[in-house]
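Okay, here's what each chain looks like letter by letter:
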Amino acid sequence: MRIHSFESAAAVDGDGVRYCVFLRGCPLRCVYCHNPDTWESGGDDISVETVAKKIARYKPYFKNGGGVTFSGGEPLLQSKEINEISQHLKKEEIGYALDTSGCVELTDDVKKAIEGADLVICDLKFWDEESYKKYTNGSFERVKAFLDHCEKIKKRLWLRTVIVPNINDNVDVLNKYIDIAKSYTTLEKYKLLPFHTMGFEKYERLAIKNPLLTTKPMESEKLSNLQTHINKQLER
Ligand code: SF4
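Read on for an overview of the structure. (Residues numbered from 1 in each chain as written. Predicted model: local features only at pLDDT ≥ 70, side-chain atom pairs only at ≥ 80, totals over all residues.)

**Examining the overall build of the protein**
Then, in step 1: When helices and strands are tallied, the protein shows eight helices and seven strands.
Then, in step 2: Taking 2.2 N^0.38 as the reference for a compact globule, 236 residues should give roughly 18 Å; the C-alpha atoms of the protein span a radius of gyration of 17 Å, in line with that estimate.
Then, in step 3: When each of the 236 residues of the protein is scored for burial, the buried share is 37%.
Then, in step 4: A fraction of 75% describes how many contacts in the protein between residues 6 or more apart in sequence connect residues 24 or more apart. (Helix = DSSP H or I, 4+ residues; strand = E, 2+ residues; numbered from the N terminus. Rg over C-alpha atoms; globule rule 2.2 N^0.38 Å. Buried ≥ 20, exposed ≤ 12 C-beta atoms within 10 Å, placed from the backbone. Contact = placed C-beta atoms within 7 Å.)

**Brief notes about the environment of serine 220**
Then, in step 1: By secondary structure assignment, the location of serine 220 is in helix α8 (residues 220–233).
Then, in step 2: Overall, the presence of 9 C-beta atoms within 10 Å leaves serine 220 in the exposed class.

**Topic: the nonpolar core**
Then, in step 1: Ranked by internal contacts, the top residues of the largest apolar core, which has 60 residues, are Val21, Val68, Leu98, Ala117, Val120 and Cys122.
Then, in step 2: Not counting chain neighbours up to four residues away, the residues in contact with valine 21 comprise Ile3, Phe6, Val51, Val68, Phe70 and Ser71. (Core = buried A, V, L, I, M, F, W, Y, C linked by C-beta atoms within 7 Å.)

**Some thoughts on the pairing of strand β3 (residues 67–71)**
Then, in step 1: Buried residues dominate β3, accounting for five of its five residues.
Then, in step 2: Where strand β2 (residues 18–23) lies against β3, five bridges are found, and the strand directions are parallel. Within β3, the position partnered with valine 21 by the bridge is phenylalanine 70.
Then, in step 3: In this structure, β3 lies alongside strand β4 (residues 96–100), joined through three bridges in parallel fashion. In the sheet register, threonine 69 faces β4, and the bridge partner there is alanine 97.
Then, in step 4: Of the crossover connections in this fold, the one passing from β3 over helix α2 (residues 79–91) to the parallel β4 is right-handed. (Pairing = 2+ DSSP bridges. Right-handed = clockwise from strand over helix to strand, strands pointing away.)

**Some thoughts on the site of the ligand**
Then, in step 1: In the vicinity of the ligand, the contacting residues are Cys26, Leu28, Arg29, Cys30, Cys33, Asn35, Thr38, Gly72, Gly73, Glu74 and Ser101.
Then, in step 2: For the shell around the ligand, a count of residues per class yields four nonpolar, five polar and two charged. (Near = placed C-beta within 6 Å. Nonpolar A, V, L, I, M, F, W, Y, C, P; charged D, E, K, R; others polar.)

**Focus: unusual backbone geometry**
Then, in step 1: Residue glycine 73 is reached from glycine 72 by a cis peptide bond, and omega for that bond is 20 degrees.
Then, in step 2: Within the element layout of this structure, glycine 73 appears in the loop between β3 and α2.
Then, in step 3: Phi at lysine 154 is positive, roughly 55 degrees, even though this residue is not glycine.
Then, in step 4: Mapped onto the elements, lysine 154 comes out in the loop between α5 (140–152) and β6 (157–163).

**Remarks on the packing of helix α1 (residues 48–56) against α2**
When two helices pack together, their arrangement is given by the angle between the helix axes and the distance between those axes.
Then, in step 1: Where α1 meets α2, the closest approach of the two axes is 9 Å, and the angle between their N-to-C directions is 45 degrees. Comparing their axes, α2 and α1 come out oblique. Taken as a pair, α1 and α2 cross one another with a handedness that is right-handed. In contact with Val48, Val51, Ala52 and Ile55 of α1, α2 contributes Glu81, Glu84, Ile85, His88 and Leu89.
Then, in step 2: Of the residues belonging to the contact of α1 with α2, the class tally is six nonpolar, one polar and two charged. (Axes fitted to C-alpha atoms, helices over the stretch in contact; angles between N-to-C directions. Parallel < 35°, antiparallel > 145°, perpendicular 65-115°, else oblique. Left-handed = near helix turned anticlockwise from the far one by under 90°.)

**As for the environment of leucine 159**
Then, in step 1: Along the chain, the position of leucine 159 falls in strand β6.
Then, in step 2: With residues up to four places along the chain from it excluded, the contact list for leucine 159 reads Cys122, Leu124, Ala181, Leu187 and Tyr190.

**Quick word on the pairing of β4**
Then, in step 1: Within β4, five of the five residues are buried, which leaves it mostly tucked inside the rest of the structure.
Then, in step 2: The alternating pattern of β4 places Tyr96, Leu98 and Thr100 on one face and Ala97 and Asp99 on the opposite face, and all of these are buried.
Then, in step 3: As paired strands, β4 and strand β5 (residues 119–123) are joined by four bridges and run parallel to one another. Bridging from a neighbouring strand, threonine 100 pairs with cysteine 122 of β5.
Then, in step 4: As a crossover connection, the stretch from β4 through helix α3 (residues 108–116) into β5 is right-handed.

**Some remarks on the packing of helix α6 (residues 171–181) against α8**
Then, in step 1: One can describe the packing of α6 onto α8 by two numbers: an axis separation of 11 Å at closest approach and a directional angle of 40 degrees. In the packing of α6 onto α8, the handedness of the crossing is right-handed. Between α6 and α8, the residues in contact are Val171, Leu174 and Ile178 and Leu226, His229, Ile230 and Gln233, respectively.
Then, in step 2: The residue inventory of the contact of α6 with α8, partitioned by class, reads five nonpolar, two polar and no charged.

Quick look at the structure:
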């Protein structure tokens with residue numbers, strides 16, 4: 001597997017205590033990305049067995065529903081490897097979550113990786129084909145097909161959206177996301193995340209043009225108001 005990094009005890013990317021495996025490679029170029037160092041898929045190839053052993057060492061911490069979260073980059077670019085490692089994890093009774101953009105082709109391997117996951121955490125980055133193209137170089141239709149598949153197989157789903165000043169930080173735009181989210185009956189949480197500038201030095205270091213260089217971090221109070229709006233609209 002091509003891995004960027006490991007992070008233990010990450011409490012935000014799934015149920016309970018998580019062990020996060022950040023996989024290399026991403027087909028998108030989100031304007032707000034704070035991990036441009038995960039975009040390229042090159043680097044050392046670590047065997048599935050080695051990664052499975054590393055994960056198994058954390059098993060004692062996975063009580064109360066904890067487990068592994070495959071993140072990235074885009075973890076589903078390595079869905080074949082995720083399916084291989086899931087065989088090892090199953091023997092250890094360790095579950096996994098997928099933290100994905102959902103902007104991937106629905107191949108058999110991708111479908112199998114979704115089926116094997118306890119939880120799918122999907123970024124609903126923008127609201128239509130035009131906004132996806134403009135801000136991520138990806139395709140909304142693909143994300144929609146991905147989410148529709150999760151719905152079809154009744155997969156537990158969390159959605160997340162990064163809120164960026166002057167792009168999607170207002171209720172009118174947020175309502176477009178809410179309309180999409182309402183179609184998914186297995187949606188358990190919809191979390192808004194603030195745009196921040198912590199990844200800016202990576203753009204400098206990697207000599208990549210930063211499209212949001214002059215954008216200020218998202219204000220926490222405004223974000224909290226938008227989160228309250230979304231929670232109210234999605235109350236079931
Ligand atoms: S999908 Fe994630 S890693 Fe890829 S460009 Fe977007 S924010 Fe960055």
